[in-house]
Amino acid sequence: MWRKKSHAGGEKYRETNAMTSTKKSTTAAAFWVAVIILAAAALPGEICFAAGEAGGHDIGRELPVWTATPFAGILLSIALFPLLAPHFWHRHFGKVSAFWALAFALPFLFFFRETALYEILHIMLIDYIPFIILLWGLFTIAGGIAVSGSLRGTPPMNSLLLLIGTVLASWVGTTGAAMVMIRPILRANKDRVKKAHIICFFIFLVANIGGSLTPLGDPPLFLGFLHNVPFFWVTTSILPHMLLAALILLAVFYAFDLYYYRREAPAPPETGERTPIRIEGLHNLLLLAGVIGVILLSGYWRPGHLSVFGIEVQYQNLLRDGSIVTLGLISLFVTPRRLREANDFSWGPILEVAKLFAGIFITIIPALAILKAGSQGALAWLVDAVKTPAHYFWASGILSSFLDNAPTYLTFFNMALGRLDLTEAMIPAALAAGTATANPQFIAYLQAISAGAVFMGANTYIGNAPNFMVKSIAEEAGVNMPSFFGYMFKYSIPVLIPIFIAVTFVFF
């Protein structure tokens with residue numbers, strides 16, 4: 001903390017310090033992301049510790065449920081430390097994440113050796129690194145788009161901003177829409193006293209439910225697209241479910257916001273002329289379009305793969321991740337510094353997400369493996385109980401609230417195929433509603449899985465990639481966000497669960 005000799009001098013020092021910090025963080029982030037990608041590409045393909053070879057293990061069938069204890073530990077740490085020891089957590093959350101990761105990884109490596117090494121490398125190379133690169137790219141590019149003007153956080157204005165973000169989410173992704181819209185909504189409500197509810201509904205709508213209409217919206221739907229689900233199938237098939245949930249949420253939000261707005265003292269009148277709303281840094285929209293383009297390309301182009309310790313790393317995914325890093329670096333170098341300063345841009349939120357999710361991705365390995373083992377694993381009772389579309393909706397949704405919703409979606413997707421004796425090649429015909437080849441049961445299953453995995457990612461801060469980042473950005477802007485359990489018991493459970501029950505009765 002520096003001592004200000006004068007207000008002007010303090011402001012100047014603060015700006016200089018922020019610029020220096022940003023420059024250092026930018027260089028470090030770019031360097032390490034580049035090192036990770038180059039290292040993955042350079043590792044020899046001959047080295048192989050693939051699961052299933054001699055001495056390998058089918059860990060999904062062998063691991064008991066209690067091996068997910070470190071995963072529960074890191075979730076409880078995220079939930080409790082900010083309440084019980086906030087100063088410790090703020091300084092050491094990365095060490096806590098590393099502790100739980102090691103608490104699982106070291107015994108896992110000791111008992112399962114090559115299989116454990118394969119599983120850890122697989123989830124880091126295939127899931128974690130692309131996950132962080134995508135978040136970093138969208139966070140960096142969107143941080144260069146500055147919305148200025150006389151935005152006042154009234155209930156109608158806030159509802160309009162949430163509606164715009166909800167519509168955007170399906171076309172630029174929930175993460176992209178969240179990163180573009182979070183700063184304007186924070187700036188519009190800078191004078192509001194009660195605003196945590198605005199950010200929570202923002203997470204519900206923009207960071208989750210809004211992304212349910214295209215494979216670009218949310219990772220589970222993109223996985224479905226990669227497994228032969230037609231691109232626009234979810235646009236028409238999930239639209240009624242999305243409209244019901246979103247319209248109820250917008251109405252509930254308006255009532256919430258109007259209640260709090262009327263209880264607050266009137267905001268001081270604006271001095272001077274009202275300035276029109278202005279969007280600067282529009283070149284970053286082209287860079288966002290570039291991110292969307294390379295994501296789509298990675299879904300269609302299949303040039304082959306290289307082997308990294310027996311893990312198939314697809315060339316198109318390396319191109320996608322390298323392109324996203326390049327587009328992020330272009331944004332950093334061509335966007336005027338004043339636009340990022342206007343957004344109060346810093347690397348804190350993305351660093352927090354990177355450290356915490358590194359631990360989450362490692363400790364989640366046993367939970368996902370057991371789930372993928374189906375009736376042969378320790379959660380056989382759960383898998384065997386899932387039979388109706390309503391079951392698929394709630395099972396995929398509840399697990400997506402705490403696990404990675406992409407593999408959870410894929411697990412139930414494959415369960416549905418197996419239950420109906422379908423192959424991936426048969427999916428387009430099975431979904432061709434209105435024709436003799438359509439399979440109504442599979443359509444109902446896939447609607448339930450898609451809606452559950454996307455909608456119920458809003459149930460917790462870790463249910464979907466942008467949730468935790470939105471929370472971090474809001475807290476950095478001074479919003480007193482609820483804790484992990486506070487978010488669940490004050491907002492998501494009382495608001496979302498009744499809506500999901502309504503969706504169940506209407507559609508499933």
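Being a predicted model, the structure only gives us computed values, none of them experimental.

**Examining the overall build of the chain**
Now for step 1: Within the chain, the regular secondary structure consists of 21 helices and four strands.
Now for step 2: Taking all 508 residues of the chain together, 53% fall into the buried category.
Now for step 3: Accessible area for the chain stands at about 22800 Å²; split by element, carbon and sulfur atoms hold 67% of it.

**A look at the pairing of strand β4 (residues 311-314)**
Now for step 1: A one-sided burial pattern is seen for β4, the buried positions being I311 and V313 and the unburied ones E312 and Q314.
Now for step 2: Strand direction decides the pairing type here: strand β3 (residues 305-308) and β4, joined by four bridges, are antiparallel. Across the sheet, residue L306 finds its bridge partner in β4, namely V313.

**Things to note about the packing of helix α4 (residues 86-142) against helix α11 (residues 315-334)**
Now for step 1: Close contact between α4 and α11 brings their axes to 9 Å; oriented N to C, the two are set at 25 degrees. Classified by the angle their axes make, α4 and α11 are roughly parallel. When you trace α4 past α11, the crossing you get is left-handed. Every residue of α11 that contacts α4 at P130, I133, L134, W136, G137, T140 and I141 is listed here: R320, D321, I324, V325, L327, G328, L329, S331 and L332.
Now for step 2: Of the residues in the contact of α4 with α11, the class split is 10 nonpolar, four polar and two charged.

**Structural notes on the environment of L223**
Now for step 1: Take L223: it is sitting in helix α7 (residues 219-226).
Now for step 2: Residues L223 and G299, 76 residues apart in the sequence, show an inter-C-alpha distance of 8.9 Å.
Now for step 3: Apart from residues no more than four positions distant in its own chain, L223 is found in contact with A406, P407, Y409 and L410.

**Quick notes on helix α9 (residues 239-263)**
Now for step 1: Between its terminal C-alpha atoms α9 stretches 36 Å, which fits the 36 Å expected from 25 residues at 1.5 Å a residue.
Now for step 2: Taken residue by residue, α9 has H241, M242, A245, A246, L249, L250, F253, D257 and Y260 as its buried positions.

**What to know about the confidence of the model for the chain**
Now for step 1: Per-residue pLDDT for the chain has a mean of 80; in total, 84% of the residues score no lower than 70.
Now for step 2: Of all the helices and strands in the chain, helix α1 (residues 7-42) carries the lowest mean pLDDT, 44, while helix α6 (residues 196-205) carries the highest, 94.
Now for step 3: Per-residue pLDDT stays below 50 along residues 1-55; that stretch engages in 52 contacts with residues further than four places along the chain or on separate chains.

**Describing the packing of aromatic side chains**
Now for step 1: Evaluated as defined, the whole model comprises 29 aromatic pairs.
Now for step 2: Ring centres of F81 and F88 lie 5.5 Å apart, and the angle between their planes is 40 degrees; on these two criteria the pair is classed as tilted.
Now for step 3: Residue classification places F81 among the partly exposed positions, given a relative accessible area of 28%.
Now for step 4: Residue classification places F88 among the partly exposed positions, given a relative accessible area of 36%.
Now for step 5: Ring centres 5.7 Å apart and planes at 80 degrees place the aromatic pair F393 and W394 in the edge-to-face group.
Now for step 6: The class for W394 is partly exposed, based on a relative accessible area of 22%.
Now for step 7: Put simply, the rings of Y128, F201, F204, F253, F256, F357, F361, Y461, F468 and Y487 touch in pairs and so form one group of aromatic residues.

**A few points about the environment of V313**
Now for step 1: Here V313 shows up in strand β4.
Now for step 2: Dropping the residues within four chain positions of it, V313 is found in contact with I126, H305, L306, V308 and L318.

What counts as what
- Residues numbered from 1 in each chain as written.
- Predicted model: local features only at pLDDT ≥ 70, side-chain atom pairs only at ≥ 80, totals over all residues.
- Heavy atoms only, no water.
- Helix = DSSP H or I, 4+ residues; strand = E, 2+ residues; numbered from the N terminus.
- Buried < 20%, exposed > 50% of the residue type's maximum accessible area, 1.4 Å probe, protein only.
- Areas by Shrake-Rupley, 256 points an atom, 1.4 Å probe, with all protein chains shown as cover.
- Pairing = 2+ DSSP bridges.
- Axes fitted to C-alpha atoms, helices over the stretch in contact; angles between N-to-C directions.
- Parallel < 35°, antiparallel > 145°, perpendicular 65-115°, else oblique.
- Left-handed = near helix turned anticlockwise from the far one by under 90°.
- Contact = heavy atoms within 4.5 Å.
- Nonpolar A, V, L, I, M, F, W, Y, C, P; charged D, E, K, R; others polar.
- Expected span 1.5 Å × (residues − 1).
- pLDDT = per-residue confidence, 0-100.
- Phe/Tyr/Trp six-rings, centres within 6.5 Å; stacked < 30°, edge-to-face > 60°.

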